[in-house]
Amino acid sequence: MDARKIAPGLMLAMPQLEDPNFTRSVILMIEHNEEGSFGLIVNRPSDLLVADVLSSLGIEWTSDPEELVWSGGPVMPRTGWVLHEPVDIPDEEGKVDVTPEIVLSTSPDRLRAIAQAPPPRVRFVLGFSGWGPAQLESELAAGAWITAEVTPELIFNTPAEEMWETVLRSLGIDPASLV
C-alpha cells in the first residue's frame, strides 16, 4: 500500500476491528513508513479541561476555560500534542506540517506560545495511536480500517460524535450498511 495514501490522511475503524480502544475511531495519520505508523484519534474528547492540564505544567491557558483535551490513543496517554491551524511562531523545532492547513506542535516552547495566543482552530491531545513495522498494512489488508482524505474542516469543525459517519458518507458509504 502506498504510504502517501495513509499519511497524511484519515483512517476509520471498521466494525470488525475488535480492539475497544478504536471503536468508531477516526485517526489523523501523521506518519507512515517502513518503521511504523503514528496517528492521533480526533473524535474522542476526554473529560479533562485544557486549562487544568496546562495549569499543572505551569502554563496559563488564555482561551475558552471549557476547552477539552482530546484522547489521541492508548499509547503513552500522558504525552501531549497540539493540532492547530498554521500560526506565526518563530520556533520551527517541534513542528510538523501535517497538511498545509494542519500543524502538529510537539515542543514545550510551542505549547506555551499557543497557550498564550491560541488560534481559532486548535486541539490539545493526550496519547497517540501507533503501529510497528508492517502491522498497519496487515490490519488494512484484513479490512479493519478504511482510509480517507483529511480536511481541516473535518478535524476542527465537525462534532466528534458525527465525525465517523460524516467521513463514511463522504466516501459514499452508508454507515447502516456496515456489519
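Look up: the structure comes first, before these words.
Not measured: the values here are computed from a predicted model.

Draft legend 1. A look at the overall build of the protein chain. Helix and strand counts for the protein chain stand at 5 helices and 10 strands. For the protein chain, the spread of C-alpha atoms along the three principal axes comes to 45 × 35 × 25 Å. Looking at the protein chain as a whole, 45% of its 179 residues are labelled buried. Counting contacts in the protein chain only where the partners sit at least 6 residues apart, residues at least 24 apart contribute 64% of the total. Counting only carbon and sulfur atoms, one obtains 51% of the accessible surface of the protein chain, whose full area is about 9300 Å². Computed over 11 positive and 28 negative side-chain charges, the inter-centroid distance for the protein chain is 2 Å.

Draft legend 2. Up close: helix α2 (residues 108-116). Those residues of α2 not exposed but buried are Arg110, Leu111, Ile114 and Ala115. For α2, the angular spread of the buried residues around the axis is 135 degrees, confining them to a single face. Exposed and oriented more than 90 degrees from the buried face of α2 are Asp109 and Gln116.

Draft legend 3. Structural view of the environment of Leu140. In this fold, Leu140 is placed in helix α3 (residues 135-141). For Leu140, a relative accessible area of 12% translates into the label buried. Between the C-alpha atom of Leu140 and that of Met11, which follows or precedes it by 129 residues, the distance is 9.5 Å.

Draft legend 4. Region of the structure containing the pairing of strand β9 (residues 122-131). Within β9, 9 of the 10 residues are buried, which leaves it mostly tucked inside the rest of the structure. Pairing between strand β3 (residues 36-41) and β9: 3 bridges, direction antiparallel. Counted as the bridge partner of Phe38 is Gly130 from β9. Strand direction decides the pairing type here: strand β5 (residues 68-71) and β9, joined by 2 bridges, are parallel. Within β9, the residue paired with Ser71 across the bridge is Leu126. Pairing between strand β6 (residues 75-84) and β9: 6 bridges, direction antiparallel. Looking across to β9, one finds that Val75 is bridged to Phe128.

Draft legend 5. Broad picture of the side chain of Asn43. Relative to the helices and strands, Asn43 resides in the loop between β3 and β4 (45-49). Looking at Asn43, its side chain comes within polar contact range of the main-chain nitrogen of Val26, at 3.0 Å. Beyond its immediate chain neighbours, meaning those up to four positions away, Asn43 contacts Arg24, Ser25, Val26, Trp70, Ala160, Met163 and Trp164.

Draft legend 6. Molecular detail of the side chain of Ser37. With respect to the helices, strands and loops of the structure, Ser37 is situated in strand β3. Ser37 sits in the buried class, given a relative accessible area of 8%. Reaching out from Ser37, the side chain makes a polar contact with the side chain of His32 at a distance of 2.5 Å. Those residues in contact with Ser37 that lie beyond four places of it in its chain are Met29, Glu31, His32, Ser129, Gly130, Trp131 and Leu136.

Draft legend 7. Broad picture of the pattern of salt bridges. This model, assessed by the stated rule, comprises 7 salt bridges. Of the charged contacts in the structure, one is a salt bridge between Glu92 and Lys95, with a shortest N-O distance of 3.3 Å. With its nearest N and O atoms 3.4 Å apart, the salt bridge here joins Asp97 to Lys95. Owing to a relative accessible area of 26%, Lys95 belongs among the partly exposed residues under this scheme. Ionic contacts of the salt-bridge type, sharing partners, join the residues Arg24, Glu165, Arg169 and Asp174 into one network.

Rules behind the numbers
Residues numbered from 1 in each chain as written. Predicted model: local features only at pLDDT ≥ 70, side-chain atom pairs only at ≥ 80, totals over all residues. Heavy atoms only, no water. Helix = DSSP H or I, 4+ residues; strand = E, 2+ residues; numbered from the N terminus. Buried < 20%, exposed > 50% of the residue type's maximum accessible area, 1.4 Å probe, protein only. Contact = heavy atoms within 4.5 Å. Areas by Shrake-Rupley, 256 points an atom, 1.4 Å probe, with all protein chains shown as cover. Lys, Arg positive; Asp, Glu negative; His and termini not counted. Charge placed at Lys NZ, Arg CZ, Asp CG, Glu CD. Arc of directions from axis to C-beta. Pairing = 2+ DSSP bridges. Polar contact = N/O pair within 3.5 Å; in protein donor to acceptor, adjacent residues only side chain to side chain. Salt bridge = Lys/Arg side-chain N within 4 Å of Asp/Glu carboxyl O.

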